Amino acid sequence: MGIKESSKKKFRRVVMWSALTLIILLIFLSVYGAFLGAERTQRLVNTLPLTVYWLSFVLILIAGLVVFRRLVRVPSLLLIHAGCVLILAGAMWGSDAGHKLQEQLFGIDKIRTGRMVIYEGHTENHVLLEQGQTPKELPFSIHLKDFRLEYYKPGSILVYMPDDTTRRIPAETGSEHNLGGEVGKVKIVRTFERFRLNIEDDRREAIDAPDGELMPALEVIIEKPDGSQLKRYVFEPSQGYMYKDNFQMSYLRMISDYISELQIIENDKVVAEKNIEVNHPLHYGGYHFYQHRYDAEAGQYTVLEVTSDTGLNLVYGGYLMLCIGVFWQLWLRHIFTGIKLKKLRNTPPPINWGAKYSGFLLSQE
Amino acid sequence: MEIKYTIQGLLIYAAMGAYLLAFVMSLLRHRKAGDILYLLGFIIAVLAFGYRWYDVRHTPLQNLFEVFLCLGMICYPASFFCRRILQVGGRCADMLIGAIVLFPAGFIFSAQPQQLPPALQSWLFVPHVAVYMLSYIFMAKATFQAISQLAGKSYDGDEKLLPPEQATYRMICAGFPLLTLGLVLGSWWGKLAWGDYWGWDPKELWSLASWLVYVGYFHFRYMFGKKHARINSAWAIAGIAAILITLLWANLSRLFSGLHSYAT
Ligand code: HEM
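Residues numbered from 1 in each chain as written. Chains lettered and ligands numbered in written order. Predicted model: local features only at pLDDT ≥ 70, side-chain atom pairs only at ≥ 80, totals over all residues. Heavy atoms only, no water.

### What about the sheet that holds strand β11 (residues 229-235) of chain A?
Residue and element names in this part refer to chain A. The antiparallel open sheet is built from four strands, whose spatial order is β6-β7-β10-β11. Across the chains shown, the open sheet's two edge strands, defined by having one partner strand only, are β6 (176-178) and β11. Between one strand axis and the next, the sheet turns by 25 degrees as a mean value, whatever way the strands run. (Pairing = 2+ DSSP bridges. Helix = DSSP H or I, 4+ residues; strand = E, 2+ residues; numbered from the N terminus. Axes fitted to C-alpha atoms, helices over the stretch in contact; angles between N-to-C directions.)

### Focus on the coordination of the iron atom of the ligand
Of the protein atoms, only His-81 of chain A (NE2) and His-219 of chain B (NE2) coordinate the iron atom of the ligand, at distances of 1.9 Å. By relative accessible area, which is 19% here, His-219 of chain B ends up buried. (Donors = N, O, S within 2.8 Å, 3.2 Å for Na, K, Ca; no water. Buried < 20%, exposed > 50% of the residue type's maximum accessible area, 1.4 Å probe, protein only.)

### Topic: the domain arrangement of chain A
The figure often quoted for interface size is the accessible area lost as the parts come together. The domain boundaries assigned to chain A delineate domain 1 (2-103 + 312-341), domain 2 (115-149 + 268-308) and domain 3 (156-253). Summarising the inter-unit geometry, the C-alpha centres of domain 2 of chain A and domain 3 of chain A are found 37 Å apart. (Domains from an automatic or database assignment.)

### Examining the state of the cysteines
The final tally for this structure, using the stated rule, is zero disulfides over all chains. Free of any disulfide, Cys-84 of chain A has its nearest neighbouring cysteine sulfur in Cys-323 of chain A, separated by 10 Å. Take Cys-173 of chain B: it sits in no disulfide, and the sulfur closest to it among the cysteines is that of Cys-82 of chain B, at 12 Å. The exposure class of Cys-173 of chain B is buried, given its relative accessible area of 0%. (Disulfide = S-S within 2.5 Å.)

### Examining the interface of chain A and chain B
Taken together, the contact between chain A and chain B spans 64 residues of the former and 59 residues of the latter. At the surface where chain A touches chain B, the tally comes to zero salt bridges. There are five residue pairs in polar contact (both at pLDDT 80 or more) connecting chain A and chain B. A per-element tally of the side of chain A that touches chain B places helix α1 (residues 3-36) of chain A first, with 12 residues. (Contact = heavy atoms within 4.5 Å. Salt bridge = Lys/Arg side-chain N within 4 Å of Asp/Glu carboxyl O. Polar contact = N/O pair within 3.5 Å; in protein donor to acceptor, adjacent residues only side chain to side chain.)

### A few points about the site of the ligand
Close to the ligand lie 25 residues, the nearest being Arg-70, His-81 and Gln-329 of chain A together with Tyr-169 and His-219 of chain B. Among the chains of the assembly, those with residues near the ligand are chains A and B. Take His-81 of chain A: an N or O atom from its side chain is 2.8 Å from a nitrogen atom of the ligand. With respect to the ligand, the side chain of His-219 of chain B contributes an N or O atom lying 2.7 Å from a nitrogen atom. Looking at the shell around the ligand, the elements that each hand over two or more residues are α1, α3 (48-67), α4 (69-73), α5 (75-93) and α7 (312-345) of chain A together with α7 (202-224) of chain B. Residue contributions to the shell around the ligand peak at five residues, all from α7 of chain B. (Near = heavy atom within 4 Å.)

### Notes on helix α1 (residues 7-27) of chain B
Residues and elements named next belong to chain B. The terminal C-alpha atoms of α1, which comprises 21 residues, lie 30 Å apart, in line with the 30 Å expected from a rise of 1.5 Å per residue. If you follow the buried residues of α1, they end up packed against α2 (31-56), α3 (64-84) and α4 (91-108). Where α1 ends, the next residue or the one after it, Arg-29, has phi of about 65 degrees, a positive value. (Expected span 1.5 Å × (residues − 1).)

### Digging into helix α6 (residues 164-194) of chain B
Residues and elements named next belong to chain B. Between its terminal C-alpha atoms α6 stretches 42 Å, which fits the 45 Å expected from 31 residues at 1.5 Å a residue. At Gly-175, α6 shows its maximal kink, close to 30 degrees; a proline, Pro-177, follows between one and four residues later. In the segment just after α6, Gly-195 is the residue with positive phi, at about 95 degrees. (Bend = angle between axes of the 7 residues up to and from the residue.)

### Description of the nonpolar core
Of all hydrophobic cores here, the largest spans 128 residues; its most connected members are Trp-54 of chain A together with Phe-176 and Trp-211 of chain B. Listed in part, the 18 residues of the second largest apolar core include Ile-111, Leu-138, Leu-282 and Tyr-287 of chain A. (Core = buried A, V, L, I, M, F, W, Y, C linked by side-chain atoms within 4.5 Å.)

### A closer look at the environment of Gly-180 of chain A
Residues and elements named next belong to chain A. Looking at the element boundaries, Gly-180 is found in the loop between β6 and β7 (185-192). For Gly-180, a relative accessible area of 30% gives the class partly exposed. C-alpha of Gly-180 to C-alpha of Tyr-53: the two residues are 127 residues apart in sequence and 64 Å apart in space.

### A short note on unusual backbone geometry
Residue and element names in this part refer to chain A. With an omega of -5 degrees, the peptide bond between Lys-153 and Pro-154 qualifies as cis. Note on placement: Pro-154 falls in the loop between β3 (136-151) and β4 (156-160). For Asn-267, which is not glycine, the phi torsion reads 45 degrees and is therefore positive. Here Asn-267 shows up in the loop between β14 (255-266) and β15 (269-277).

### Looking at the pattern of salt bridges
Two side chains carrying opposite charge are able to pair once their charged atoms lie near each other. Enumeration over the complete set of coordinates arrives at 15 salt bridges over all chains. Glu-193 of chain A is the partner of Arg-253 of chain A in a salt bridge, and the nearest nitrogen-oxygen pair spans 3.0 Å. With Arg-253 of chain A in the loop between β13 (248-252) and β14 and Glu-193 of chain A in the loop between β7 and β8 (195-200), this pair connects stretches of sequence that are 60 residues apart. Of the charged contacts in the structure, one is a salt bridge between Arg-52 of chain B and Glu-66 of chain B, with a shortest N-O distance of 2.8 Å. With Arg-52 of chain B in helix α2 and Glu-66 of chain B in helix α3, this residue pair connects regions lying 14 residues apart in the sequence. Using a relative accessible area of 1% as the deciding quantity, one classes Arg-52 of chain B as buried. A relative accessible area of 1% places Glu-66 of chain B in the buried class. Each member of the salt-bridge network shares a partner with another, and the members are Arg-148, Glu-150 and Glu-261 of chain A.

### So, the packing of α1 of chain B against α3 of chain B
Residues and elements named next belong to chain B. Orientation of α1 relative to α3, taken along the N-to-C sense of each, is 40 degrees, at an axis distance of 12 Å. By the angle between their axes, α1 is oblique relative to α3. Judged by the twist between their axes, the crossing of α1 over α3 is left-handed. Of α3, the residues touching α1 (which contributes Gln-8, Ile-12 and Tyr-19) are Phe-65, Leu-69 and Gly-72. Residues belonging to the contact of α1 with α3 are distributed by class as follows: four nonpolar, two polar and no charged. (Parallel < 35°, antiparallel > 145°, perpendicular 65-115°, else oblique. Left-handed = near helix turned anticlockwise from the far one by under 90°. Nonpolar A, V, L, I, M, F, W, Y, C, P; charged D, E, K, R; others polar.)

### Digging into the side chain of Lys-4 of chain B
One can find Lys-4 of chain B in the segment before α1. In this structure Lys-4 of chain B touches Gly-9, Leu-10, Tyr-13, Phe-65, Ala-105, Gly-106, Phe-107, Phe-109, Ser-110 and Ala-111 of chain B, once residues within four positions along its chain are discounted.

### Quick look at a nonpolar patch on the surface
Residues and elements named next belong to chain A. On the surface, Leu-320, Ile-324, Trp-328, Leu-332, Ile-335, Phe-336 and Ile-339 cluster together into a nonpolar patch covering about 650 Å² of accessible area. Mapped onto the elements of the fold, Ile-339 is located in helix α7. For Ile-339, a relative accessible area of 42% puts it in the partly exposed group. (Patch = residues over 30% accessible without salt bridge, like charges linked within 9 Å, V, L, I, M, F, W, Y side chains within 5 Å. Areas by Shrake-Rupley, 256 points an atom, 1.4 Å probe, with all protein chains shown as cover.)

### Points about the packing of aromatic side chains
Counted by the stated rule, this structure contains 37 aromatic pairs over all chains. Aromatic pair Trp-54 of chain A and Trp-200 of chain B: ring centres 6.3 Å apart, planes at 45 degrees, arrangement tilted. Of the two residues, Trp-54 of chain A sits in helix α3 while Trp-200 of chain B sits in the loop between α6 and α7, which places them in two different chains. Accessibility assignment for this pair places Trp-54 of chain A and Trp-200 of chain B in one class, buried. Taking 5.9 Å as the distance between ring centres and 15 degrees as the angle between the ring planes, the aromatic pair formed by Phe-68 of chain B and Phe-109 of chain B counts as stacked. With Phe-68 of chain B in helix α3 and Phe-109 of chain B in the loop between α4 and α5 (125-150), this residue pair connects regions lying 41 residues apart in the sequence. Using a relative accessible area of 6% as the deciding quantity, one classes Phe-68 of chain B as buried. Each residue in the set Tyr-53, Trp-54 and Phe-57 of chain A together with Trp-198 and Trp-200 of chain B is aromatic and connected to the rest through ring pairs, giving one cluster. The residue whose ring lies beneath Arg-57 of chain B is Tyr-54 of chain B, and the NZ or CZ to ring-centre distance is 5.1 Å. Between the NZ or CZ atom of Arg-221 of chain B and the centre of the ring of Tyr-169 of chain B, over which it lies, the distance is 4.1 Å. (Phe/Tyr/Trp six-rings, centres within 6.5 Å; stacked < 30°, edge-to-face > 60°. Lys NZ or Arg CZ within 6 Å of the ring centre and 35° of its normal.)

Below, the structure is given as structure tokens:
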């Protein structure tokens, strides 16, 4: 064995031990981060010591690819390990530090992440950054044509029963629900979007006022166990009214979607248009725009989350390679080996996967 | 503890009962009766899952009740596949695993049907959860083999089956690509729904930790082969411990409040 050969083996051993150490460290970091919570972990992983850690991980992966020839020759192993390099590189390139570096090196001044508040009918190009930082401008503007909420139909009535249990009944107009001896029957008569009580000459009349404020409500008739009937209105908890008797009721509507109708405007022309909703962002000019929050009181404005797409293709490319690699290495290769063995022996296989490695530190490959 | 006096509940309890009886019969070496009861348990579990699907009218993989119900159903085909194709035994333990995974669906989590919040309305939802489910079953079987290895068992009495150390490796080989796919699909979905492919929230971090434990296992085993077989097994057990925490602790405990907290 030549000196060169033995030092190569030593180097391999160092690389492998470093890889194992880095993996174990990351396990501990993940568990620690789970206790810290998302925000603090996010800050932690972007600090200088952790940047050094991420760089070391990439370096050790590259060193592995250089010193273990099998990692390059076996395509599945190459896909796995090179995929990991791409994911880490993409993540670093797209991080805060990555954006700053690109600004210094190439003069690319891109916002990494921020928020936009846009009122219905208005056009905006300012992105709000973290507290204390001045907002930045995008090279194009966004116009909010309309913002709307959609609800699951029908909603439901949450009933707090006299025995402290709760029941949920569907708020379907015309339906009748028997809630048992102490409470009686509840019949749902009418649904309102913009409930308003008109009082004229001592006559009170509930109407759905098209120009009124949003106030979803239900008109119900309660038939008490003694046979008497009451007409009552049930509102959402946020309205501050709750039907109270020996039992209580409130009206619940579950949101099924938030939709912002957006137009991208560049040089006074509409260059793109999309209705964005949760899970369906808009991609334009190197940014993704997400439905983030909305004006819960009046539904007048939307809050978009803006994120830069820098590094994203690298990460997605890495994901694809990693996935193909692991299925190929751990599923397909074994299946092919099994079929080959079966053909050779023409007997049912024991595919001896487990015995494949005698252990590299012991056998020295 | 919530006992369900509904058709849904009864189906779950019947499937659990059949799995448990199958386990007892197999322990008493009434193999045939055990096998028939196990199959019966599976058929009832399919009915329970189908009933739920009909009831909520969307793929029932939204909350932990439905997830455990699904796990209780896929145990049987997974067990069959592992024995016939992968030569990994542990059928008797599989019956017990079936009953154990149905327990939370039967007694702990509420079966109240829910409407999907906007973030969960994505085509990625079902594949993300489904591949995780399947990988968890494989990893649970790997753990059983690892425990057998630590307990000093050699073969399962069947010549065609692998010894525990190798069986553990094979089960992890089966489960790891699915675990990877689950993680990647989750990350992709996170990007679409929340704007970032990685949010560092506790549930993500626990799932990363469990994935990394298996990455560690592969490299440790590559470095030492079977020289430290007990440590190999310890890695596999650490893996399932991290998975269990990912699945339960992050959801149940109020210690972590993160993006995934609606999935309770
Ligand atoms: C940190 C640096 C890393 C180094 C130096 C390294 C090195 C190696 C080596 C030398 C092998 C054995 C290849 C063979 O069969 O001859 C291997 C296998 C493998 N590595 Fe890595 N690796 C690293 C990180 C990773 C990461 C982050 C993953 C995550 C997916 C990974 C996944 C795998 C898998 C799945 C195998 C195949 C195991 C098997 O077939 O039993 N590696 N790695």
